[in-house]
Amino acid sequence: MLWGVKCRTTAAAFPLVRGGVTEGPVGVGLNELKIVDQRYPALWCHRYLHTTRARRSQESDGVEYTFISKHLFETDVQNNKFIEYGEYKNNYYGTSVDSVRSVLAKNKVCLLDIQPHTVKHLRTSEFKPYVIFIKPPSIERLRETRKNAKIISSKDEKGAAKPFSEEDFQEMIKSGQIMEVQYGHLFDKVIVNDDLTTAYNELKTTFDKLEREAFWVPVSWVHS
Ligand SMILES: Nc1ncnc2c1ncn2[C@@H]1O[C@H](COP(=O)(O)OP(=O)(O)OP(=O)(O)O)[C@@H](O)[C@H]1O
């Protein structure tokens, strides 16, 4: 049985799946690696978040966030208008399906940073995602490479950055392993974020290849 075909897409979404806990920041290095978008005009890295929190004076609607009311947000959730959403300090934040569509309509690639359980909703012929799992290295390498790095803990009310603790490292590795077991079949590529330059180059090479080469997708994506 034909299970897949090779296909080349110009308007694919590239969800970049984090290797960390689902409830908050884990510091595996996604923000650090997303710098890759600065070299790629075809990549659209904005998170396109909608939020119900009040707009701050220096922010503009549609730039930092799209600001909407709680009522509208909840209606949109009911109508499945969000790829992913969550609540933080009594406000909702979400990535809307339409915002991803608007990126693809510009013939750009949409770089998303999402939780793994969301991937299955994006694996459609419309989005044709290429899923990259950013995986933490061994605990020994985390201790070595993150010696001077800081993490913003979801447990810290003030959201202040602090040095990684041994517990942070263990949590990162444990949740990474759980994600790989549960969702590994949905990943197209796994990049270990050990040495930052090496991980960055691997991501860059992957984007280069995807621009040039065809890649495998389910046959249903091509014939639908
Ligand atoms: N390979 C690496 N080597 C050394 N330090 C790193 C590496 N990758 C990331 N860091 C550092 O770890 C910290 C957390 O990284 P980053 O903010 O990119 O993680 P994140 O997964 O995006 O976190 P969040 O979940 O908070 O968005 C930062 O201080 C960053 O500079």
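Calculation notes
- Residues numbered from 1 in each chain as written.
- Predicted model: local features only at pLDDT ≥ 70, side-chain atom pairs only at ≥ 80, totals over all residues.
- Heavy atoms only, no water.
- Helix = DSSP H or I, 4+ residues; strand = E, 2+ residues; numbered from the N terminus.
- Buried < 20%, exposed > 50% of the residue type's maximum accessible area, 1.4 Å probe, protein only.
- Contact = heavy atoms within 4.5 Å.
- Pairing = 2+ DSSP bridges.
- Axes fitted to C-alpha atoms, helices over the stretch in contact; angles between N-to-C directions.
- Core = buried A, V, L, I, M, F, W, Y, C linked by side-chain atoms within 4.5 Å.
- Phe/Tyr/Trp six-rings, centres within 6.5 Å; stacked < 30°, edge-to-face > 60°.
- pLDDT = per-residue confidence, 0-100.

Overview of the side chain of His 50
- By the secondary structure assignment, His 50 is in strand E4 (residues 49-51).
- Among the residues examined, His 50 registers a relative accessible area of 15% and is labelled buried.
- Here His 50 is in contact with Thr 66, Ile 68, Phe 73, Phe 82, Tyr 92, Tyr 93, Gly 94 and Ser 96, once residues within four sequence places are set aside.

Quick word on the sheet that holds E4
- In spatial order, the strands read E5-E4-E7-E6; together these four strands make up an open sheet with mixed pairing. The open sheet has two edge strands with one neighbour each: strand E5 (66-67) and strand E6 (82-88).
- Where E6 and strand E7 (residues 91-96) come together, six bridges link them in antiparallel fashion. Counted as the bridge partner of Glu 84 is Thr 95 from E7.
- Contacting E6 and E7, helix H3 (residues 97-105) crosses the sheet at an angle of about 35 degrees to E7.

Quick word on the environment of Val 219
- Tracing the sequence through the fold places Val 219 in helix H8 (residues 219-223).
- Look at Val 219 and you get partly exposed, because its relative accessible area is 22%.
- Residues Val 219 and Ser 125 lie 94 residues apart in sequence; the distance between their C-alpha atoms is 9.5 Å.

Thoughts on the nonpolar core
- Within the largest apolar cluster, 23 residues are counted, with the highest numbers of intra-cluster contacts made by Leu 33, Ile 132, Ile 134, Ile 191 and Leu 203.
- In terms of residue count, helix H7 (residues 196-212) provides more of this core than any other element does, five residues in total.
- In terms of nonpolar packing, the next biggest core, distinct from the first, is built from 17 residues, Val 119, Leu 122, Phe 133 and Tyr 183 among them.

Thoughts on the packing of aromatic side chains
- The full count for this structure, using the stated rule, is nine aromatic pairs.
- Seen from their ring centres, Phe 73 and Tyr 92 are 4.9 Å apart, and the 15 degrees between their planes marks the pair as stacked. Residue Phe 73 is found in helix H2 (residues 70-78), and its partner Tyr 92 is found in strand E7; the two are separated by 19 residues along the sequence. By the burial criterion, Phe 73 is buried, and Tyr 92 matches it.
- Measuring from ring centre to ring centre gives 6.4 Å for Phe 82 and Tyr 85, while their planes differ by 50 degrees; the resulting arrangement is tilted.
- Look at Phe 82 and you get buried, because its relative accessible area is 11%.
- On the basis of relative accessibility, which here comes to 45%, the residue Tyr 85 falls in the partly exposed class.

Quick look at the confidence of the model for the chain
- Averaged over the chain, the pLDDT score is 79; the fraction of residues at 70 or greater is 78%.
- Here strand E1 (residues 4-7) stands out as the least confident element of the chain, with mean pLDDT 51; H2 is the most confident, with 97.
- Long-range and interchain partners of residues 7-12, a stretch whose pLDDT sits below 50, account for 23 contacts in this model, where long-range means more than four residues apart.
- With pLDDT under 50 throughout, residues 19-25 is counted as low confidence; its partners more than four residues away or in other chains account for 22 contacts.

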